[in-house]
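Geometric and topological summary
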Amino acid sequence: MSTPANYTRVPLCEPEEIPLDVKRENEFGKLTSQKYLHQVESLHGRPLQKTIIDAPPYYISLLTYLNYLILLILGHAHDFLGVTFQRNKHLDILERDGLAPWYSNFESFYVRRLKMRIDDCFSRPTTGVPGRFIRCIDRISHNLNEYYTYSGSTTMCLNLSSYNYLGFAQSEGQCTDAAIESVDKYGVHSGGSRTQIGTTDLQVLAEKLIAKFVGKEDAMIFSMGYGTNANFFNAFMDSKCLVISDELNHTSIRTGVRLSGAAVRTFKHGDMEGLEKLIREQIVLGQPKTNRPWKKIIICVEGLYSMEGTLCNLPVLVALKKKYKCYLYVDEAHSIGAMGPTGRGVCELFGIDPKEIDVLMGTLTKSFGAAGGYIACDKWIIDRLRLDISTASYAEPSPPPVLAQIVSSLQTIIGDISPGEGTERLQRIAFNSRYLRLGLQRLGFIVYGVADSPVIPMLLYCPSKMPAFSRMMLQRKIAVVVVAYPATPLIESRVRFCMSASLTKEDIDYLLRHVDEVGEKLNLKLGSGKSSVDGKPQRWDIEEVIRRTPEDCKDDKYFII
């Protein structure tokens, strides 16, 4: 497909040859019309309305299972014949010289026979800033992705693969200037953790800004988002405590709960009735063996689920927390900065006072373009964490350039510097997210999630369509992320479009045209075309979608799976 007439591609130059204005346009596209902005409104304490979304025809589910069955049969046959007739090529799963194999045949089967075949679609190396465009390093696969060679060339692709929600990942601008200035003042490394040399005034400022931004008394910054979850529970809970966790919570939360030794019970994703029943049951039963009351019960959810694009039902969760005297922990890794009228996450989106949430966790890698994570809660909890959480004592602290990036991006969102820029970025990502989601639905694709979610999962189902879609989009100079089991249910492989304020409406038009073409070739249009605007089936062609859909983005309603 040729580039549409109304889409202007930025000239692709070698990095050292890119003019400054073109470089900025590569990283953050200019807004082409005030019509392509959307101001998010609060739900004012109303819970999400439940909506039944499209499901694939039964034959698609059957074909997906059949695909996996064929792959399993062929893989095991290949293993049997290889071990029997080509032992020198399967030494890693065979006992040798009295030594055990590197890994067992059964446990490594999925990685060797399924994942490795499509490894060229995962972990593609990139270079430069992951802005509006991203520069992918070209590589050549050999022996079914056993190894790669690199030609030294790169390809500039439209970036739908990075968590650069507000577009702060730039090599030019106030955030970059602040990071460079911090290096001159503090150096590259902060010199030590809290228990060694001390805490810099830059870290104190960043923690105060975060606490003020999210509406809590105090906050604590960690150098790694995963480690924030993985270490919090170990300090806050013990074996006499209970964690009630959504079944789709991130693996970092699961790791943290295991390290703490606390008991854990899961409830079906978004099932508030099932959650209440589980809480009542656990209060009655108490601790195993002794039946004594739990020391603490903490309900653990995510604000925005990164694989589904769905929100937690916060008003109902707060009501249950109050009713049964539990703690409530909300992981806002994907929602803070990217959702809500002023970017303050799910609390602002639902109109819930942050004081109603006991612990707010978030990461600084996505909306803020930095690194690390934070815990924000009452001061007494933070004071306790400063004493005994292992991260503060043994992990590396956040370096000054990262802290400066956090402070600068926060001040931009709040409006303390570059007034109006933060508001425009928030309104751009809201419009872009709604436009792409609604456009995909009207083209006939099955899409999960809520209207304002910057994560937009589009279902592919059959495992063979996942690498096909990824490779065909790369040929069209579009970088996307495909996700499969075990990160998703077995038959629900998907492409996960990551929206950004750096993209323009014309970029999304370009994306929709190519997704429409690839979707026709791969038979991915399995939905009715109904949207959350009126719920009526209305499959449109691509020209009608591009012409009419932007006007309906402001009416797109929230829904939950």
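Below or above, wherever it landed, is the structure these notes cover. These numbers were taken from a predicted model, which means no experiment stands behind them.

The next point concerns the overall build of the chain. Of the regular secondary structure elements, the chain holds 17 helices and 14 strands. Its C-alpha radius of gyration of 24 Å places the chain within 12% of the 24 Å reference for a compact globule of 561 residues. Structurally, the chain occupies a C-alpha span of about 65 × 60 × 55 Å along its principal axes. Sorting the 561 residues of the chain into buried and exposed places 55% on the buried side. Pairs at least 24 residues apart make up 73% of the contacts formed inside the chain by residues separated by at least 6 positions. Element-wise, carbon and sulfur atoms account for 56% of the exposed surface of the chain, whose accessible area totals about 24900 Å².

Let us look at the nonpolar core. Formed by 111 residues in total, the largest nonpolar core has its most connected members in L160, L314, L436, L440, M458, F469 and F497. With 8 residues, the top contributor of residues to this core is helix 14 (residues 421-443). Inspection of this core shows a minimum of three residues originating in each of domain 1 (28-56 + 123-159 + 424-558) and domain 2 (216-398). Residue contacts for L436: discarding those within four places in its chain leaves L160, I456, F497, M499, I508, L511 and L512.

With that out of the way, let us pick up the sheet that holds strand 8 (residues 327-331). Strand order in this open sheet of 7 strands is 4-10-9-8-7-5-6, and the pairing throughout is mixed. With one partner strand each, in any of the chains shown, strand 4 (218-222) and strand 6 (263-267) form the two edges of the open sheet. With direction set aside, neighbouring strand axes in the sheet form an average angle of 20°. Judged from the 3 bridges that link them, strand 8 and strand 9 (residues 359-363) form a sheet pairing that is parallel. Bridge pairing in strand 9 places D331 opposite M361. In the packing of helix 5 (residues 201-214) onto the sheet, contacts are made with strand 4, strand 9 and strand 10 (373-377), and the angle to strand 4 comes to roughly 125°. Running over the sheet, helix 9 (residues 314-324) touches strand 7 (297-302) and strand 8 and is turned about 155° from strand 8.

This next bit is on empty space enclosed by the protein. In the structure shown here, the tally under the stated rule is 7 cavities of 30 Å³ or more. Contributing to the lining of the second largest cavity are 13 residues, with V40, A338, G340, L426 and A430 lying nearest its centre. Both of domain 1 (28-56 + 123-159 + 424-558) and domain 2 (216-398) provide at least three residues apiece to the lining of the second largest cavity.

So, on to the pattern of salt bridges. Per the counting criterion, the structure on display carries 27 salt bridges. Note that K379 and D383 form a salt bridge whose closest N and O atoms lie 3.2 Å from each other. Here the residue K379 and the residue D383 both occupy positions in helix 11 (residues 379-388), the gap between them amounting to 4 residues, near one helical turn. Judged by relative accessible area, K379 falls into the partly exposed class, the value being 42%. For K521, the salt bridge is made with E517, and the minimal N-O distance between the two is 3.6 Å. Of this pair, K521 and E517 both sit in helix 16 (residues 505-522), 4 residues apart, which is roughly one turn of the helix. Here K521 falls in the exposed class, since its relative accessible area comes to 52%. Classification of E517 as buried rests on a relative accessible area of 19%. One salt-bridge network, in which partners are shared between bridges, spans E25, R132 and D507.

Moving on, we get to the pairing of strand 3 (residues 147-159). By the bridge criterion, 9 bridges tie strand 2 (residues 133-142) to strand 3 in an arrangement that is antiparallel. Looking at the pairing, I140 lines up with T149 of strand 3. As consecutive antiparallel partners, strand 2 and strand 3 are separated by 4 residues, and within that stretch N143 has a phi angle of approximately 50°, a positive value. Pairing of strand 3 with strand 12 (residues 478-479), which is carried by 2 bridges, proceeds in the parallel orientation. In the sheet register, L158 faces strand 12, and the bridge partner there is I478.

Here is what the cut-offs are and how they apply
Residues numbered from 1 in each chain as written. Predicted model: local features only at pLDDT ≥ 70, side-chain atom pairs only at ≥ 80, totals over all residues. Heavy atoms only, no water. Helix = DSSP H or I, 4+ residues; strand = E, 2+ residues; numbered from the N terminus. Rg over C-alpha atoms; globule rule 2.2 N^0.38 Å. Buried < 20%, exposed > 50% of the residue type's maximum accessible area, 1.4 Å probe, protein only. Contact = heavy atoms within 4.5 Å. Areas by Shrake-Rupley, 256 points an atom, 1.4 Å probe, with all protein chains shown as cover. Core = buried A, V, L, I, M, F, W, Y, C linked by side-chain atoms within 4.5 Å. Domains from an automatic or database assignment. Pairing = 2+ DSSP bridges. Axes fitted to C-alpha atoms, helices over the stretch in contact; angles between N-to-C directions. 1 Å grid on protein atoms, 1.4 Å probe; cavity = no way out; pocket = protein on both sides within 12 Å on 5 of 7 lines; lining within 4 Å. Points joined across faces, edges and corners; volume = space filled by probe spheres on them. Salt bridge = Lys/Arg side-chain N within 4 Å of Asp/Glu carboxyl O.

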